[in-house]
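Read off the chains here:
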Amino acid sequence: MTQRMMNTVGFHADAEHGHGHGQFNPYISSNGNSNGNGHLQEPNGHLNGSSGVTLTLTNGTTNGNGVLKPVSRPSHDRRKSTPMMPTFMVSAPGKVIVFGEHAVVHGKAAIAAAISLRSYLLVTTLSKSRRTVTLRFPDIDLNHTWNIDSLPWDTFSHPSKKKYYYDLVTTLDPELVAAIQPFLANISTDKSPDLRKVHQNSAGSFLYMFLSLGSQSFPGCQYTLRSTIPIGAGLGSSATIAVCMSAALLLQLRTLSGPHPDQPADEARLQIERINRWAFVYEMFIHGNPSGVDNTVATQGKAVEFQRTDYNKPPTVRPLWDFPELPLLLVDTKTPKSTAFEVAKVAKLREKHPKLVGAILDSVHKVTKSSADMIEQLDFDTNSEESLKELGELMTINHGLLVSLGVSHPRLERVRELVDHEGIGWTKLTGAGGGGCSITLLRPGVSREKLDRLEQRLDEEGYEKFETTLGGDGVGVLWPAVLKNGMDEDHEGGMEIDLDKFLSAQGNEGVEKLVGVHGGVGEREGWKFWRVES
Ligand SMILES: Nc1ncnc2c1ncn2[C@@H]1O[C@H](COP(=O)(O)OP(=O)(O)O)[C@@H](O)[C@H]1O
Ligand SMILES: C[C@@](O)(CCOP(=O)(O)O)CC(=O)O
């Protein structure tokens, strides 16, 4: 029988959610109206922007579990101070592109699936008197603090520039990018030029989003990120950070409803859409010309067919609910690459040979569409050699087309060669190429001996093998940051995740054990997700 991943990951009856600590509710203010979708409207009929939301929500109180409850007050009341937000956490998954990378940047279709490796962002609100915002990204040795009041709010809030949380932003405004530059100048001056550039890029993406969405009244806070995804390996690490940051800021601004157990799928979809839109802005700053597929999968999770034909419009995203649990081997070449560089290389090649490269991109598109059709056929069976062979052949073709676009790497070709030599399966690069990761669809019934031999060779040659499942949940929220993790629990059976614990968790295992969405034992109580699967 065909094994379908959707049965194995992340699906629980709603009744299991919403108990324990911190459940979100749509926040309807006393003077704001709901538009029927649980979204706030200003009296003038417009949806609130970030500043509007801050205003209308300052009358919320918590129920002791960090759940905000709307409280009515007459409109002439003095504005009261916002109760301090509990420390909370957001998380987003990495991805593999199964078909269609690079072609997707040029308007063709791609299929991508979420993986179980994830990024985790802890958001700590500071006391009212501390007017600073800090990025703490220990994985890349970045720790930088700005004074909130010194940031260029005037430039970003000018009526000709101001953007709201519901806006679709498809290009970066050069004037706003320029306004940020002075605030990047003194970052990591003691680090190597390359690392400094990475830090400035991360910080720039953050500031662009923070200044676009926030306002000067934003509380002081610290954003601490840890990730179990290898950086720059083609598994969408940057998109996970983009999604975590977007979700965190939108939650801080209280512009999101949910996630909560009885949330209608349509409403959940809208929240996901909003998070995704701002994650795309972050990605634009990091990569220049992203397709949006990475942030879409990191937000929505599961597996999707994605296509963006017009960059001024949202992409077409078709969830592949029945995406099969493919027997995949994920190999990291441990060769760093730059997505921006590889994407620019293909664009240059296309400029030089428009017809030829156009034909290659069209072929990739056809491969992607054929594989989507194949996967969705009822008789596709992950235990059948025939089904896997058909899909595997499409992977081989896709890889060949990527080679002809010039984005493979000798280390990727070496994996393919080793796999082909043993007749173990079908291999293609995944992500931007130029290094990074490959995926191999394993042929059923391959002997353990052959697999061991391959693993030994890969090990000897400095490759790293990852075990991951495909199609897990998208962006998740832990509000407040309290978890049952079998460690040092309090009398209520939960453990507060504080900054020190988070920073001192040892390696990927330590992070997973402390805060992991799954923690190795299925979905954990506490983490909540926007459910869009209907
Ligand atoms: N754990 C992390 N902590 C901080 N920043 C990260 C982390 N992982 C990724 N990034 C950011 O994402 C960039 C890598 O993105 P990219 O080149 O697209 O690789 P990937 O293929 O993994 O997405 C890094 O340069 C950094 O800016
Ligand atoms: C090459 C591309 O299709 C995927 C890049 O993925 P990654 O950054 O290598 O994880 C670019 C994009 O879709 O924006």
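Residues numbered from 1 in each chain as written. Chains lettered and ligands numbered in written order. Predicted model: local features only at pLDDT ≥ 70, side-chain atom pairs only at ≥ 80, totals over all residues. Heavy atoms only, no water.

If you look the chain up in an unreviewed UniProt entry, it shows as Mevalonate kinase from Podospora appendiculata. Taken verbatim from the UniProt record of the chain, the Pathway (unreviewed entry) comment is "Isoprenoid biosynthesis; isopentenyl diphosphate biosynthesis via mevalonate pathway; isopentenyl diphosphate from (R)-mevalonate: step 1/3." On record in UniProt, under Subcellular location (unreviewed entry), the comment for the chain is "Cytoplasm". (UniProt positions renumbered as here; feature names shortened; annotations may be inferred.)

Attention shifts here to the overall build of the chain. On a plain count of helices and strands, the chain comes out with 14 helices and 19 strands. The proportion of buried residues among the 534 residues of the chain is 57%. Considering only residue pairs separated by 6 or more positions, the chain has 74% of its internal contacts joining residues 24 or more positions apart. About 22,000 Å² of surface is accessible on the chain, with carbon and sulfur atoms providing 51% of the total. (Helix = DSSP H or I, 4+ residues; strand = E, 2+ residues; numbered from the N terminus. Buried < 20%, exposed > 50% of the residue type's maximum accessible area, 1.4 Å probe, protein only. Contact = heavy atoms within 4.5 Å. Areas by Shrake-Rupley, 256 points an atom, 1.4 Å probe, with all protein chains shown as cover.)

This next bit is on the site of ligand 1. Close contacts around ligand 1 come from 21 residues, with Asp139, Gly232, Ser237, His287 and Lys337 the closest. Residue Gly232 places a main-chain N or O atom 2.9 Å away from an oxygen atom belonging to ligand 1. Contact distances for ligand 1 include 2.7 Å between an oxygen atom and a side-chain N or O atom of His287. Broken down by secondary-structure element, the contributors of at least two residues to the shell around ligand 1 are helix H4 (193-213), strand E9 (221-227), helix H5 (237-252) and helix H6 (265-287). Tallying contributions element by element places H5 first for the shell around ligand 1, with three residues. Residues belonging to the shell around ligand 1 are distributed by class as follows: 10 nonpolar, nine polar and two charged. (Near = heavy atom within 4 Å. Polar contact = N/O pair within 3.5 Å; in protein donor to acceptor, adjacent residues only side chain to side chain. Nonpolar A, V, L, I, M, F, W, Y, C, P; charged D, E, K, R; others polar.)

Our focus in this paragraph is the packing of H5 against H6. Where H5 meets H6, the closest approach of the two axes is 8 Å, and the angle between their N-to-C directions is 130°. When the axes of H5 and H6 are compared, the pair comes out oblique. Of the two possible hands of crossing, H5 and H6 adopt the one that is right-handed. Every residue of H6 that contacts H5 at Ser238, Ala239, Ile241, Ala242, Val243, Met245, Ser246, Ala247 and Leu250 is listed here: Arg274, Ile275, Trp278, Ala279, Tyr282, Glu283, Ile286 and His287. Classifying every residue of the contact of H5 with H6 gives 12 nonpolar, three polar and two charged. (Axes fitted to C-alpha atoms, helices over the stretch in contact; angles between N-to-C directions. Parallel < 35°, antiparallel > 145°, perpendicular 65-115°, else oblique. Left-handed = near helix turned anticlockwise from the far one by under 90°.)

Taking the UniProt record as the reference, the feature "domain: GHMP kinase C-terminal" (unreviewed entry) is found at residues 386-451. Along residues 386-451 one finds 55% helix and 18% strand; the C-alpha atoms at either end are 20 Å apart.

Look at helix H8 (residues 339-352): 20 Å from first C-alpha to last across 14 residues, which is about the 20 Å you get at 1.5 Å a residue. Among the residues of H8, Glu342, Val343 and Val346 are the ones counted as buried. Looking straight down H8, one finds its buried side chains confined to an arc of 100°; they lie on one side. In H8, the exposed positions that point more than 90 degrees away from the buried face belong to Phe341, Lys348, Glu351 and Lys352. (Expected span 1.5 Å × (residues − 1). Arc of directions from axis to C-beta.)

This part takes up the pairing of strand E7 (residues 132-137). As judged from the six bridges shared by E7 and strand E8 (residues 142-147), these two strands associate in the antiparallel manner. Bridging across to E8, Thr134 finds its partner in Thr145. Linking E7 back to E8 in an antiparallel pair, the connection comprises four residues, with Asp141 at a positive phi of about 60°. (Pairing = 2+ DSSP bridges.)

Contacts to ligand 2 come from 18 residues, most closely from Lys95, Ser291, Lys337, Thr339 and Ala432. His102 places a polar main-chain atom, nitrogen or oxygen, 3.0 Å from an oxygen atom of ligand 2. Ala432 places a polar main-chain atom, nitrogen or oxygen, 2.9 Å from an oxygen atom of ligand 2. Contact with the protein chains covers 96% of the free accessible surface of ligand 2, which is 380 Å². Secondary-structure elements contributing two or more residues to the shell around ligand 2 are strand E5 (88-99), helix H7 (293-300) and H8. Looking at side-chain class alone, the shell around ligand 2 contains eight nonpolar, six polar and four charged residues.

Glancing now at the pairing of strand E13 (residues 425-430). Summarising burial for E13: six of the six residues are buried, a large majority. Of the strand pairs in this sheet, E13 and strand E14 (residues 437-442) are connected by six bridges, and their pairing is antiparallel. Paired with Gly425 across the two strands is Leu442, which belongs to E14. Counting the residues in the hairpin turn of E13 and E14 gives six residues, including Gly431, whose phi is positive at 90°.

Turning our attention to the packing of aromatic side chains. As enumerated under the stated definition, the model contains 11 aromatic pairs in all. A ring pair is formed by Phe88 and Trp479, whose centres lie 4.8 Å apart and whose planes are at 35°; its orientation type is tilted. Highlighted residues: Phe88 in strand E5 and Trp479 in the loop between strand E16 (476-478) and strand E17 (482-483), separated in sequence by 391 residues. In this structure, Phe88 and Trp479 share a single accessibility class: buried. Each ring, one from Trp153 and one from Phe210, has its centre 5.6 Å from the other, and the planes form 55°; the classification is tilted. Of the two residues, Trp153 is situated in helix H2 (residues 153-157) and Phe210 in helix H4; the sequence distance between them amounts to 57 residues. When its relative accessible area of 0% is taken as the criterion, Phe210 is described as buried. Through a chain of ring-to-ring contacts, three or more aromatic side chains come together here, namely Trp146, Trp153, Phe206, Phe210, Phe218 and Tyr223. (Phe/Tyr/Trp six-rings, centres within 6.5 Å; stacked < 30°, edge-to-face > 60°.)

To continue, consider the side chain of Ser246. Position of Ser246 relative to the elements: it lies in helix H5. Of the residues examined, Ser246 reaches a relative accessible area of 0% and is grouped as buried. Among the polar contacts made by the side chain of Ser246, one reaches the main-chain carbonyl oxygen of Ile275 at a distance of 2.7 Å. Residues within four places of Ser246 in sequence aside, it is in contact with Met209, Arg274, Ile275, Trp278 and Ala279.

In terms of residue burial, H7 counts as a mostly covered element, since eight of its eight residues are buried. Looking at H7, one finds that the buried residues are Val293, Asp294, Asn295, Thr296, Val297, Ala298, Thr299 and Gln300.

In this structure, Tyr223 sits in strand E9. Along the backbone, Tyr223 and Leu122 are 101 residues apart, and their C-alpha atoms lie at a distance of 5.8 Å.

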